[in-house]
Amino acid sequence: FIPIGIFYFLMFTKPEFAGQSGWYYLTTYALFCIAYNIFVASYIALFSCLTRNPDDRLRLNQASVILYSIGNVSMALLLQPLVALFGKGDEQTGFMTVAGIFAAVSMVALFVCYYYSRERVSDASERKKISLREGFGAAVKNKQWLILCFIRCMSCVTWQFRNQGVVYYAKYCLGVSQYSAYILT
């Protein structure tokens, strides 16, 4: 969860060494997508560790989707007003400040999720502790996990293209960039 917040914030910074080069932004966005998708793959698998009851899993999944939608709409509606508030006329500073706030709130929320989640379903067999290196090695050998991560990365890229298109349309075709938040919801 920490890399997600760091890379999210870095996507909205403009260091002097980056200049007009898109490589910095492409790299930070790719790293954000990788960190995000690793977390999401684990989060998706979490429901099966909480209960064996399919109805409970369905309710957990429904709650997750509903809360995700509420958070997404809230962020879209608050984005432009917060950028204006914190930017005080400088859009870049506003976006960077809001990205920092969103990153901090996300890291706290993800930490709380991580800290308070406990596996409630256990196998009768003894589980052995594995190191991060062994776990990562097993993950990269898992074809289904790699496919899921690839699909999630492509999904992130697709949504980013869509969202950027909406922002462009609102700003340059409609002439009012504040409408992008409403169109995205």
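Further up the page is the structure itself.
The sections below set out a description of the structure shown in this document. From a predicted model like this one, the values you see are computed outputs, not experimental measurements. (Residues numbered from 1 in each chain as written. Predicted model: local features only at pLDDT ≥ 70, side-chain atom pairs only at ≥ 80, totals over all residues. Heavy atoms only, no water.)

## So, a nonpolar patch on the surface
The test is simple: In this scheme, patches are assembled from residues that exceed 30% relative accessible area and form no salt bridge. Like charges are connected within 9 Å, while nonpolar side chains (Val, Leu, Ile, Met, Phe, Trp, Tyr) are connected within 5 Å. Residue-level accessible areas treat just the shown protein chains as cover; the underlying method is Shrake-Rupley with a 1.4 Å probe. When a carboxyl oxygen of Asp or Glu is within 4 Å of a side-chain nitrogen of Lys or Arg, the pair counts as a salt bridge. For helices the rule is a DSSP run of H or I covering at least 4 residues; for strands it is a run of E covering at least 2, with both sets numbered from the N terminus onward.
A contiguous nonpolar surface patch, about 670 Å² in accessible area, is contributed by Val108, Phe111, Val112, Tyr114, Tyr115 and Tyr116. Its place among the elements puts Tyr115 in helix H4 (residues 91-116).

## Quick look at the nonpolar core
Quick note on the threshold: We define the nonpolar core as a collection of buried residues of types Ala, Val, Leu, Ile, Met, Phe, Trp, Tyr and Cys that are connected through side-chain atoms lying within 4.5 Å of one another. Each residue's exposure class comes from its accessible area (1.4 Å probe, protein chains only) as a fraction of the maximum for that residue type: buried when under 20%, exposed when over 50%, partly exposed otherwise. For this analysis, residues touch if any pair of their heavy atoms sits within 4.5 Å.
In terms of nonpolar packing, the biggest core is built from 16 residues, with Ile4, Tyr8, Met11, Tyr29, Phe32 and Cys33 touching the most fellow members. Secondary structure elements with two or more residues in this core: helix H1 (2-11), helix H2 (23-50), H4 and helix H6 (143-173). Broken down by element, this core gets its largest block of residues, five residues, from H4. Those residues in contact with Ile4 that lie beyond four places of it in its chain are Phe32, Ala35, Tyr36, Phe39 and Leu110.

## Considerations on the packing of aromatic side chains
The criterion, for reference: To pair, rings of Phe, Tyr and Trp, with the six-membered ring standing in for Trp, must have centres within 6.5 Å; the planes then decide the type, stacked if under 30 degrees apart, edge-to-face if over 60, and tilted in the middle.
For the structure shown, the criterion picks out six aromatic pairs. Where Phe32 meets Tyr36, the ring centres are 5.8 Å apart and the plane angle is 25°; that geometry is what we call stacked. In this pair, Phe32 and Tyr36 are both assigned in helix H2, four residues apart and thus about one turn of the helix distant. Judged by relative accessible area, Phe32 falls into the buried class, the value being 12%. Ring geometry for Tyr115 versus Tyr116: centroids 5.0 Å apart, planes at 85°, classification edge-to-face. Counting every residue linked through ring pairs, the aromatic cluster contains Tyr8, Phe12, Phe32, Tyr36 and Phe95.

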